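# Residue-level structural notes
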Amino acid sequence: MRVSVFGLGYVGCVSAACLASRGHQVIGVDVNPVKIDLVRRGRAPVVEERIGELTAEVVRTGALRATADVAEAIAGSEVSLVCVGTPSAPNGSLSTAYLERVTEQIGAALSEKDGRHTVVFRSTMLPGTCLEKLVPILEKSSGGTAGVDFGVAVNPEFLREGSSVRDFFDPPKTVIGELDAASGDVVAELYGGLPGEMFRVPIPVAEMTKYADNAFHGLKIGFANELGAVCRALGLDSHRVMDVFLADRKLNISPAYLRPGFAFGGSCLPKDLRGLVYAAHRADVAVPILAHVLPSNEEHLRRAVELVERTGRRRVGLFGLSFKPGTDDLRESPLVELAERLFGKGYDLRIYDANVSLSRLLGANREYIEGRLPHLGQLLAGSVDEVLAHAEVCLVGCTDPEVLGALPHGDGRVLIDLVRLPDAEARRAEPGYVGLAW
């Protein structure tokens, strides 16, 4: 394919050289004459493993050239990758000034070009930037319609400085946010044959994936460092602790616990988090990440209460009460906390959980519920139908097949989904359906 790459920094330079090495004809575009001159002489504008040799080779063969002329680059290509910077302001906001400027220039060049051209944004930008800001600029400056006269896609990069060439050829995944299938097809063809799973998703989803990745990377580093600081204060070798931690591929280094849902609870997680934070404070070790895990969990529970309050309705049915499916353990269950708050606010509440019967609760489990929700006996219903007959608002906190099979569809009631129901995607179009975090 004939490709133009706008912005010859780390992402643009590496993308241009790597695409050229795969057989594409690439034109690099930049406003900096020094970068243009370096590429023309076969030298990379950045210092990076393998990029120097790769750039020299593709320039020598004619697969990569550079220009400052936007119109020339658009005329000589069928797809453009936009790799300009989106610097951060002190308050965390991103500047899209460079993106907007180059988008306007590309649009103006498209107005003079026949045939469909696809504009692919690789710059990191917040969800909504492409469709709400960049596409209107392209349409205004080109006089055309996105998805008809030209294609638009978002293709976030997952290149680490220092190993970006290696990451390009062996990506963990390829993400294509497509305005339409034709736009996505063009991007997919650019990377055809590379390893890793390819995701073709709506544009805002693609924009968000880079933030999800980097936030998690930062969280992992911060978690490891805080745990290391606590271990050091307690006289432990943190690396030996983490060796054991990392060996668990079932729960620790795995997809486990990484699907948005309701707040966590139970007899272990809250207690052990509190204990670890207490030990850190006793040792005078600041652990801001660990110390805010429980407050974050509390915030998620508050969101559920707020969703009920927004309905303006008073009769509520709650499905699920134990902290985990298939158990009657109510200790520190977030659903018990949710029920307690709703009852305390005067809501007319009925609860159904097939595994929970007041007469069968024993020991610490019974003691806990008597302290937190002493009125449980009058709130528990004997069947799903009893709760449905009562409820104007249905709170779904379990995936019991009996419950799933009886839940209403668009009958005027509000259904608040705390677990992401199996048919959540279809239900999102129904009036009254509300997902907690989706």
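All values derive from a computational prediction rather than experimental measurement.

## Some points on the overall build of the protein chain
For the protein chain, the count of helices and strands is 19 helices and 13 strands. If one aligns the C-alpha atoms of the protein chain with their principal axes, the spans along those axes are about 80 × 60 × 40 Å. Buried residues in the protein chain amount to 45% of all 438 residues. A separation threshold of at least 6 residues defines the contact pool for the protein chain, and within that pool the share at least 24 residues apart is 68%. For the protein chain, the accessible area works out to roughly 21600 Å², and carbon and sulfur atoms hold 54% of it.

## Some remarks on the domain arrangement of the protein chain
The domain architecture assigned to the protein chain consists of domain 1 (2–203) and domain 2 (296–435). A C-alpha centroid distance of 48 Å is found between domain 1 and domain 2.

## Some points on the side chain of S15
Looking at the secondary structure, you find S15 in helix 1 (residues 10–21). In this structure S15 touches R122, L159 and F168, once residues within four positions along its chain are discounted.

## Digging into the pattern of salt bridges
Side-chain pairs of opposite charge can arise where the charged atoms are in close proximity. For the structure on display, the rule yields 26 salt bridges. Between R65 and E72 there is a salt bridge; the shortest N-O distance is 2.7 Å. Classification of R65 as partly exposed rests on a relative accessible area of 38%.

## Digging into the nonpolar core
Membership of the largest hydrophobic core comes to 38 residues, with the highest contact counts inside it found for V3 and L81. Elements with a contribution of two residues or more to this core: strand 1 (2–6), helix 1, helix 2 (33–40), helix 3 (51–60), strand 3 (64–67), strand 4 (79–82), helix 7 (164–169) and helix 8 (181–190). Considering each element in turn, this core owes the most residues, seven residues, to helix 1. Excluding its chain neighbours within four sequence positions, the residues that come into contact with L81 are V3, S4, V5, F6, L19, V120, R122, L190 and Y191.

Scoring rules and cut-offs
- Residues numbered from 1 in each chain as written.
- Predicted model: local features only at pLDDT ≥ 70, side-chain atom pairs only at ≥ 80, totals over all residues.
- Heavy atoms only, no water.
- Helix = DSSP H or I, 4+ residues; strand = E, 2+ residues; numbered from the N terminus.
- Buried < 20%, exposed > 50% of the residue type's maximum accessible area, 1.4 Å probe, protein only.
- Contact = heavy atoms within 4.5 Å.
- Areas by Shrake-Rupley, 256 points an atom, 1.4 Å probe, with all protein chains shown as cover.
- Domains from an automatic or database assignment.
- Salt bridge = Lys/Arg side-chain N within 4 Å of Asp/Glu carboxyl O.
- Core = buried A, V, L, I, M, F, W, Y, C linked by side-chain atoms within 4.5 Å.

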